[in-house]
Structure formats: structure tokens, C-alpha cells
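# Analysis of the macromolecular model
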Amino acid sequence: MRIDKDFTIQKVGVSFVAVPVGETSKNFHGMIRLNETGAFLWNKMKEADQTEDSLVAVLLEEYDVDEATARADVQKLVKALKDGKVL
Amino acid sequence: MFIIELCGIPIRMENRYSYVENQCRDYRSSRKDYAFSVFATDKELKEESKDGKFPFDYCESICLYRHICEILPGYSIFLMHSSVVLVDGVAYAFAAKSGVGKSTHTALWCKTIPGASVLNGDKPLFRMNENGSVTAFGTPWNGKEGWGVNKSAPLGGICFLERGEKNAIRKATDEEILTKIAHQLYLRGTRTSVDLQLQLLNRLISAVPYYVLSCTVSPEAAELAYRTMKRNKEEFEYEN
């Protein structure tokens, strides 16, 4: 999984938001809200192609969470991004 | 071609139709210098008119304002789709999804609250000031009712309107503020422009008090909103 669409991610208040820019904004409307881990995973998918396992691995490396929680977080985000047609 | 001043910024309008010139008459400037100029390409006009469905002169005005609103975030100025009412030199903004009754509520304020008038009924500009305060500005783009004047005033609060069975007003939660306000911002354009707008949004969410007003169409709704926003504006300033 890789995010190849043109978005900008910024911290606004306590949340992170992803907003389409340039050409992407013509076909994709609105803003996606992310929490801190969501923004972290988003950036990993922006940098390189990822699998569910590789995302779980980077999450475990960066944050103090158990694998079940990390996997649930990854699955939730991936589903939301697929539903939103970002992936 | 003519120059207008919006929020004190001189802008050169490279128009081809007289519609926008007429629309901007109260904002014309005698200045010769300008910060930037805007024009609409043939392609943009064609797209905006939906292949002739809407008149080109009207579409040119829309396109020019869109360009202006993409550039102004560089001057800490942004568009927020809303209706702004002036009372005693203070600006109060109302935002709602279309059809909820922004215009109706605005008209109620003007009828119910002594001295209330409309600064802009649809597309006002806001400037995020260095000291953290926000200033609201009238613009020539003021909606189908054409409510607006070339004035500015400090912003005292932002209220999100919802249709309700009875009148009730409460402070908006952080969650609501971000979601609801993002709907009213332009948030399009180049990466630089969108990034600047998001940085302004980050400051805006803590710059003024926010409310959710659930209301019926009644003078009581306007009175409740005004009383609450006026009182809290004073408290907010005291706390900050």
C-alpha cells in the first residue's frame, strides 16, 4: 500500500488533518482527520510501499504499544483510507 | 483593468467583462501600485460556466475571487464562507450548511437587535492579526441578497447554526470546531496556499469563542445568540 496522491498533512489544534492539494483537490473533496499515529502511518505510506505487517512493525518500533493494539490501529486506518478512496 | 483594495491589500483585476467592475465599485482604489493581479483564463471561464449554463461575466467574477482567495493566505487573510453581522463595532460570524437558514438568521438579527447591520452575507474575508485577534472585512462578493458594506471590525465569535425544535446555544467542542469550520474554508489550491490556510486555521481555532446554536426562526433565537456571544466575548477577552 502506498499513498501516491498529493495531500498535505498539518497539525491543527490537537488533530492532524490531510487535505488534497493541486490536481488531487479537483477529484477529492474534503479533509481527513487523523490522530498522531494515523499521521505517522500516513507518512510511512507516503514514503514507501507498505504492507499491513510492515506498518505494524514501524508502529511497534516507534510507540509503546502491544502488537494486537498496533494491528487493530493499522487495520482501522487502512480501512478508512480505502473507504475514502485515498488508497 | 482596475485596482481594488481588500483588507488594505491593493489587487489589480484583469477583467474582460464589466460585471465584476460594477460589483467592485465600492472597493475601487486610486492607488497605482498593487500587491498582485488576477485574471481568469478561457479554460477556467468555460469550466465555471458549465459550458454556457451560467453567464460568462458572472463566472469571471467567481474565478477572480477564487484566485484572490488562493493568494491572500500569504497575507494572513482567508475566506470563510459565512454571514457576518456588525453590532456596536463588533463582528459576529454565522456559518451553516446551505439551506439551514443563515440568511434568515442574519435578517432576524438585523430586525431584532438595535444597531445590527450586515458586514457581508456570504463571502467575507478574515485577517489573523499578529496579536492573535481576528478582523472581519466586507468584500464585493456578498451573496445573492447582496448584503454587505466596505467596512471592517474585530471578530467577536463564530456561531454554527443548526435547525432545532427550540432555541439553545452552547460552546462548540474542539472536535466540532475543526470539522465545522473546515467546511466553510476554501482549502483548495496549491500546496503552499493550502499549508498557509491550515496554519491560519490552527491559530483561528483558539482565537475566538465558538458556539453551536440550535434554533427556530424567531426573534428569540437572535436575542439568545446575541446575548450569549456578547457576554462571552467579554469573558473571553478577560481570560486571554
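Here's what I pulled together on the structure shown here. (Residues numbered from 1 in each chain as written. Chains lettered and ligands numbered in written order. Predicted model: local features only at pLDDT ≥ 70, side-chain atom pairs only at ≥ 80, totals over all residues.)

Each helix and strand in chain A was counted, giving four helices and three strands. By the compact-globule yardstick of 12 Å for 87 residues, chain A fits well, its C-alpha radius of gyration being 13 Å. Seen along its three principal axes, the alpha-carbon backbone of chain A occupies a region of about 40 × 30 × 20 Å. Here chain A holds 87 residues, and the buried ones make up 30% of them. For chain A, the share of sequence-separated contacts (at least 6 apart) that also reach a separation of at least 24 residues comes to 34%. (Helix = DSSP H or I, 4+ residues; strand = E, 2+ residues; numbered from the N terminus. Rg over C-alpha atoms; globule rule 2.2 N^0.38 Å. Buried ≥ 20, exposed ≤ 12 C-beta atoms within 10 Å, placed from the backbone. Contact = placed C-beta atoms within 7 Å.)

Between chain A and chain B, the contact holds 13 residues from the first and 14 residues from the second. Ranked by residue count, the leading element in the side of chain A that touches chain B is strand E1 (residues 7-12) of chain A, at four residues. Residues belonging to the side of chain A that touches chain B are distributed by class as follows: six nonpolar, six polar and one charged. (Nonpolar A, V, L, I, M, F, W, Y, C, P; charged D, E, K, R; others polar.)

All names here are of chain A. Every buried residue belonging to helix H3 (residues 52-62) is among Leu55, Val56 and Leu59, and all of these are buried. For H3, the angular spread of buried residues about the axis comes to 100 degrees, placing them on one side. In H3, the exposed positions angled more than 90 degrees off the buried face are occupied by Asp53 and Glu61. In this structure, the buried side of H3 is in contact with helix H2 (36-47) and helix H4 (67-83). (Arc of directions from axis to C-beta.)

On to the nonpolar core, then. Counting residues in each nonpolar core, the largest one holds 90 residues, and the members touching the most others are Val19 of chain A together with Phe78, Ala93 and Cys159 of chain B. Two domains share this core, each providing at least three of its residues, namely domain 1 (2-75) and domain 2 (77-239) of chain B. The residues contacting cysteine 159 of chain B, other than those within four sequence positions of it, are Tyr92, Ala93, Phe94, Tyr211, Leu213, Ala225 and Met229 of chain B. (Core = buried A, V, L, I, M, F, W, Y, C linked by C-beta atoms within 7 Å. Domains from an automatic or database assignment.)

Further remarks concern unusual backbone geometry. Residue and element names in this part refer to chain B. Despite not being glycine, cysteine 7 has its phi angle at roughly 50 degrees, a positive value. Even without being a glycine, serine 76 presents a positive backbone phi close to 60 degrees. Positionally, serine 76 belongs in the loop between helix H3 (56-71) and strand E4 (77-79). On the basis of neighbour counts, which here come to 17 C-beta atoms within 10 Å, the residue serine 76 falls in the partly exposed class.

These values are about where atoms sit, not about what they do.
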